[in-house]
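Coordinate analysis (summary)
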Amino acid sequence: MSNTAGVRSLCRASGVMLAAFAALGFAGSATAAQLTSMAAGPKVTSWSPHAAAKGAKVTFRGIDLGAVTGVTWLIYPGPKDYSAKIFTKSATSIVAIAPVTFPTKTSAGEIQFKSKSGTTMVTCWGGCG
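Residues numbered from 1 in each chain as written. Predicted model: local features only at pLDDT ≥ 70, side-chain atom pairs only at ≥ 80, totals over all residues. Heavy atoms only, no water.

Notes on the sheet that holds strand β6 (residues 109–115)
Put simply, the rule reads: For two strands to be treated as a pair, DSSP must find no fewer than two bridges joining them. Strands here mean DSSP runs of E at least two residues long; helices mean DSSP runs of H or I at least four residues long; both are numbered from the N terminus. Interaxial angles span 0 to 180 degrees and are taken between N-to-C directions of axes, which are lines fitted to C-alpha atoms, for helices over the stretch in contact.
Taken in spatial order, the seven strands line up as β1-β2-β5-β4-β3-β6-β7 in an open sheet, and their pairing is antiparallel. On the outer flanks of this sheet lie β1 (43–48) and β7 (118–125), each paired with one strand and no other. Averaged over neighbouring strand pairs, the angle between their axes works out to 30° when direction is ignored. For strand β3 (residues 68–75) and β6, the ladder comprises seven bridges, and the chain directions are antiparallel. Paired with Val68 across the bridge in β6 is Ser115.

Below, the structure written as structure tokens:
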């Protein structure tokens with residue numbers, strides 16, 4: 001069973017909240033830890049690079065990453081799901097091949113990790129839909 005629809009709704013709500021904070025003059029940016037789902041499962045604490053072209057290797061570091069079964073870039077509108085090839089995986093890191101260029105100025109998007117315990121959002125850009 002997938003909870004992807006719930007995560008997409010959460011992402012849209014997060015985008016509205018970020019816009020509201022920006023309008024009120026709050027500064028700062030969300031960290032990977034802030035964007036990671038509160039549900040039990042994989043937690044991403046950092047990743048690099050934060051922007052890359054299609055085909056680039058993206059390294060994610062965190063906790064329980066060995067449980068990840070898939071890494072997906074979601075691009076809005078749509079959303080369109082782009083599965084990433086996992087190059088290497090361990091309990092504390094994953095290197096995935098970016099299936100699309102990210103972030104883009106013309107499209108919102110997010111990166112998600114899927115595991116048996118659910119779906120974890122790693123990052124979100126452009127308001128996420």
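Let's talk about the packing of aromatic side chains
Spelled out, the test is: Pairing of aromatic side chains requires ring centres within 6.5 Å, counting the rings of Phe and Tyr and the six-membered ring of Trp. Pairs whose planes differ by under 30 degrees are stacked, by over 60 edge-to-face, and all others tilted. Three labels apply to residues, based on accessible area from a 1.4 Å probe with only protein chains included: buried if under 20% of the type maximum, exposed if over 50%, partly exposed otherwise in between.
Within the structure shown, the criterion is met by four aromatic pairs. Between Phe60 and Phe113, the ring centres sit 4.9 Å apart and the planes meet at 75°, which makes this aromatic pair edge-to-face. Of the two residues, Phe60 sits in strand β2 (residues 57–63) while Phe113 sits in strand β6, which places them 53 residues apart along the sequence. Each member of the pair, Phe60 together with Phe113, is buried.

Focus: the nonpolar core
As a reminder of what qualifies: Among buried residues, the Ala, Val, Leu, Ile, Met, Phe, Trp, Tyr and Cys ones that are joined through side-chain atoms within 4.5 Å form a nonpolar core. Contact criterion: two residues are considered in contact whenever any of their non-hydrogen atoms come within 4.5 Å of each other.
Of all hydrophobic cores here, the largest spans 20 residues; its most connected members are Phe60, Val71, Trp73, Phe102, Ile111 and Phe113. For this core, the elements supplying multiple residues, two or more each, are β1, β2, β3, β5 (93–97), β6 and β7. Among the elements that line this core, the one with the most residues is β3, at four residues. Discounting chain neighbours no more than four positions away, the residues touching Phe60 are Val44, Ser46, Trp47, Leu65, Trp73, Thr92, Ser93, Ile94, Ala96, Ile111, Phe113 and Val122.

As for the side chain of Ser115
Which entries qualify depends on this criterion: Think of a polar contact as two N or O atoms within 3.5 Å of one another; within protein, one of them needs to be a possible hydrogen donor and the other a possible acceptor, and neighboring residues in sequence only count if both atoms come from side chains.
Relative to the assigned elements, Ser115 resides in strand β6. Taking relative accessible area as the criterion, Ser115 reaches 12% and is therefore assigned buried. Engagement of the side chain of Ser115 in a polar contact is seen with the side chain of Ser117, the distance being 3.0 Å.

Comments concerning the environment of Trp73
Within the element layout of this structure, Trp73 appears in strand β3. Sequence-wise, Trp73 and Gln112 are 39 residues apart; in three dimensions their C-alpha atoms are separated by 6.4 Å.

What about the pairing of β5?
Burial within β5 is extensive, with five of its five residues counted as buried. Neither face of β5 is open: one carries Ser93, Val95 and Ile97, the other Ile94 and Ala96, and all of them are buried. Sheet topology places β2 next to β5; five bridges connect them, and they run antiparallel. Bridging from a neighbouring strand, Val58 pairs with Ala96 of β5. Where strand β4 (residues 80–89) and β5 come together, four bridges link them in antiparallel fashion. From the neighbouring strand, Thr88 faces β5, where its bridge partner is Val95. Hairpin connection from β4 to β5: three residues lie between these consecutive antiparallel strands.

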